[in-house]
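Letter by letter, the chains look like this.
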Amino acid sequence: MAPPASPPHPRLLVDYAVAASPADLLAGDDTLAVLAFGNDAPVHDDPRYLRVPLQPHTAAPYEVWRGNAPVRHGRTGDIAWATDGELLFGAIEIDETLYETAEQSGIVEAAGRAYAELTAFLRDSDTPHLLRIWNYLDAITLGEGDTERYRQFCVGRARGLGDFDAQTLPAATAIGRCDDARTIQVYWLAARTPGTPVENPRQISAYRYPRQYGPQSPSFARAMLPPPGGAMPLLLSGTASVVGHASQHEGELLAQLDETFANFDSLLASARARQPALPAAFGAGTRLKVYVRDREDLAIVAAALDARFGAGVPRIVLHAAICRRELAVEIDGVHGAA
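A quick note: this is a predicted structure, and the numbers were derived from the prediction, not measured. (Residues numbered from 1 in each chain as written. Predicted model: local features only at pLDDT ≥ 70, side-chain atom pairs only at ≥ 80, totals over all residues. Heavy atoms only, no water.)

Please set out the sheet that holds strand S6 (residues 72-76) residue by residue, giving values where relevant.
The strands making up a sheet associate through hydrogen bonds between their backbones, and the pairing can be parallel or antiparallel. The strand order across the open sheet formed by 6 strands is S6-S7-S8-S11-S9-S10, and the pairing between neighbours is mixed. Two strands in the sheet have a free side with no partner beyond their single neighbour: S6 and strand S10 (171-177). Shown here is a sheet whose adjacent strand axes are inclined to one another by a mean of 15 degrees, direction ignored. Looking at chain direction, strand S9 (residues 129-138) and S10 are connected through 7 bridges and run parallel. From the neighbouring strand, isoleucine 133 faces S10, where its bridge partner is alanine 172. Sheet contacts for helix H2 (residues 107-123): S6, strand S7 (79-83), strand S8 (87-95), S9 and strand S11 (183-191); angle to S11, the most-contacted strand, approximately 25 degrees. Against the sheet, helix H3 (residues 149-161) makes contact with S9 and S10, and its axis sits at roughly 145 degrees relative to S9, the strand it touches most. (Pairing = 2+ DSSP bridges. Helix = DSSP H or I, 4+ residues; strand = E, 2+ residues; numbered from the N terminus. Axes fitted to C-alpha atoms, helices over the stretch in contact; angles between N-to-C directions. Contact = heavy atoms within 4.5 Å.)

This is how it looks when you write it as structure tokens:
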């Protein structure tokens, strides 16, 4: 009798691709997700396809995630999903206006519902371990003090997560959409086996931020190393010009960009201490999404990235609000060998 087949190792390839239609990219039997950016992105009803409500600086390629074939996909309640058995892509959108009252916006309740639904969905799945999550919400810095919408979102997120161990939180991004649509969009990557969170020695862990940043600290890790044994990149959280817990270089766009890359250098060194095979610097195996607060700064940031990387690091530059008013740019992505 032949020995039982070994289970496949987790595999994730993230790339930027140009195609005439998303259908061309969704045709692959290993396609986990296809992300399109901006108002001009085509509409498609495949659960693996997501229109991201952020406007690109120039015509943006699609972001394509590929796993092991075959990939199954479907919809369960509010959640669109796709899985190859080792990894899972999921997405949910919640209309905040359903929860608005005369006294308050619906951000806390909408975030809580989104996270409660995704938590329950993952708990009942074969891929219960969150690796990476993206959160896009409108008017992210509207409001003063604890009424600021990002702080309110953090409260709702934590409520929806329920009891959680901060040491196992996923990598994450929380960014402001700029289209006045009060809909929270959340999408994520989960796995059958857990990854390893990575923190940045230059920064206080976000879940340990002091009270001045709100009643609930942000719930994420700075990066996530993938599950062992697979072929996956390092997953980089949204990173900005923050040292310790304090924003740096207010009003100095290019200085903020330099500080952000200093943070990435430190973060990569921390990740390489656990996984030495990771390249020490960004290169052909890196994919970046660059979020720029002010529309008039998009070209400046794009030119600075051209000067820093040339064509060596594929990237998409997007118009989006950052979760602190004084921050002008934030960057996330994936990083691995080419």
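From this point, things continue past the structure.
Give me the lowdown on the side chain of arginine 132, citing residues and values where you can.
Here arginine 132 is to be found in strand S9. Separated by 2.7 Å, the side chains of arginine 132 and threonine 173 make a polar contact. In terms of polar contacts, arginine 132 uses its side chain to reach the backbone carbonyl oxygen of leucine 236, at 3.0 Å. When neighbours within four sequence positions are excluded, arginine 132 is seen to be in contact with Pro170, Ala171, Ala172, Thr173, Tyr187, Trp188, Leu189, Leu235, Leu236, Ser237, Gly238 and Asp332. (Polar contact = N/O pair within 3.5 Å; in protein donor to acceptor, adjacent residues only side chain to side chain.)

Tell me about the packing of helix H4 (residues 253-274) against helix H5 (residues 298-309), residues and numbers included.
Taken N-terminus to C-terminus, the directions of H4 and H5 make an angle of 45 degrees; their axes are 11 Å apart at the nearest point. One way to sum up the angle between H4 and H5 is to call them oblique. Along this stretch, H4 crosses H5, giving a crossing that reads as right-handed. Note on element contacts: H5 touches H4 through Ile300, Val301, Ala304, Leu305, Arg308 and Phe309, opposite Leu253, Leu254, Leu257, Asp258 and Phe261. Classifying every residue of the contact of H4 with H5 gives 9 nonpolar, no polar and 2 charged. (Parallel < 35°, antiparallel > 145°, perpendicular 65-115°, else oblique. Left-handed = near helix turned anticlockwise from the far one by under 90°. Nonpolar A, V, L, I, M, F, W, Y, C, P; charged D, E, K, R; others polar.)

Describe the sheet that holds strand S19 (residues 329-335), with residues and values.
Across the sheet, 7 strands lie side by side as S4-S18-S17-S19-S14-S13-S12; this open sheet has mixed pairing. Each having just a single partner strand, strand S4 (55-56) and strand S12 (196-198) make up the two edges of the open sheet. Across 2 bridges, S4 lies against strand S18 (residues 315-319) in antiparallel orientation. Bridge assignment links glutamine 55 to a residue of S18, and that residue is histidine 319. Each of S12, strand S13 (223-225), strand S14 (234-239), strand S17 (286-292) and S19 is contacted by H4, which is oriented at about 150 degrees to S14, the strand it contacts most. Of the strands in this sheet, S17 and S18 touch H5, which is tilted by about 165 degrees from S18.

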